Amino acid sequence: MPSISPDLWFDTEAEVAATFYTSLFDDSRITTIARYSEAGPGPEGSVMVVAFQLAGQDFTAVNGGQVPGFVFTPAISFLVYCETPDELDSLWNRLVDGGRILMPLDSYPFSERYGWLEDRFGISWQLMLGSHAQKISPSLMFVGAQHGKAEEAIRHYIGLFENARLEYIERYGPGEGQPEGMTKHAAFSLDGYRFVAMDSGLVHDFTFSPAISFVVNCETQAEVDYFWDRLSEGGATQECGWLSDRYGVTWQIVPTVLGELMSVQP
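Residues numbered from 1 in each chain as written. Predicted model: local features only at pLDDT ≥ 70, side-chain atom pairs only at ≥ 80, totals over all residues. Heavy atoms only, no water.

Across the sheet, which stays open at both edges, the 8 strands sit in the order S6-S7-S8-S5-S9-S12-S11-S10 with mixed pairing between neighbours. The open sheet is flanked by strand S6 (100-108) and strand S10 (165-171), the only strands paired with a single partner. If you compare each strand with its neighbour and ignore which way they point, the axes differ by 20° on average. As defined by bridge partners, strand S5 (residues 76-82) adjoins strand S8 (residues 124-129) across 6 bridges and the pair is classed as parallel. Within S8, the residue paired with Leu79 across the bridge is Gln126. (Pairing = 2+ DSSP bridges. Helix = DSSP H or I, 4+ residues; strand = E, 2+ residues; numbered from the N terminus. Axes fitted to C-alpha atoms, helices over the stretch in contact; angles between N-to-C directions.)

What follows concerns unusual backbone geometry. Residues other than glycine seldom take positive phi values, yet Ala55 does so here, at roughly 50°. Along the chain, Ala55 falls in the loop between strand S3 (47-54) and strand S4 (57-63). For Asn163, which is not glycine, the phi torsion reads 50° and is therefore positive. Within the secondary structure, Asn163 is located in the loop between helix H3 (150-160) and S10.

We now examine the pattern of salt bridges. Here the structure, examined in full by the defined rule, presents 8 salt bridges. Note that Arg100 is salt-bridged to Glu118, the shortest N-O span being 3.1 Å. Remark: Glu118 occurs in strand S7 (residues 111-118) and Arg100 occurs in strand S6; sequence separation between them is 18 residues. Looking at Glu118, the relative accessible area reads 15%, which means it is buried. Measuring nitrogen to oxygen at the nearest pair gives 3.8 Å for the salt bridge that ties Lys184 to Glu170. Of this pair, Lys184 sits in strand S11 (residues 183-190) while Glu170 sits in strand S10; the two residues are 14 residues apart in sequence, bridging distant segments of the chain. By sharing partners, the salt bridges in this structure join Glu151, Arg155 and Arg171 into a single network. (Salt bridge = Lys/Arg side-chain N within 4 Å of Asp/Glu carboxyl O. Buried < 20%, exposed > 50% of the residue type's maximum accessible area, 1.4 Å probe, protein only.)

Put into structure tokens, the structure is as follows:
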């Protein structure tokens, strides 16, 4: 069974960002660091990939340099459940320092305390009062040409992965300022890894970006071939196991052994 984890693309700040994020959450640490060799393309000995955990969940961060289109956008953010107002406020204050507010920290119809921000590195976070076994969930917002496709995408992904399920889906109703029936908010899991998703018909100057991708770690070549073929169908393939699916979300399909070969202890 494959495992799924987010990958964050930085210019040169991967280790700095990972160190900052691991200071924010309990059960968090940098696990491994891979460095560039003499062959490059980065300076020899400089950080290439950082593997780390936040609240027990796996993430990776890569120093890939400045690449056109690889820009963090709010189309993919991270929803964090905070069990107390004090926890939420403390996390908010640390994340917003040097960043900017997208939705003010306040009471909303869907949550007594919630806020959306972009941190100093450009990554977006939604903080909500509540509790869930998976503390941090990637949030996919379908905007622009992808607006209205959230439910279709969810059902497509669920059909590809084993042990996948739709947790819930809430649709826009009459008078809510969005097309009736579109996805207001939904949650689903793929092989036990939880995502949330929504449609937004508002005018946005962004969409999905490969700066945040999802790594599918595969145990066998058959799994690699299966996910590569299914996820790239209707999308576009790239080098080194990267692809964008039919909805514009970027995935990396990699054999588990690759990470083991590249990793060294920090």
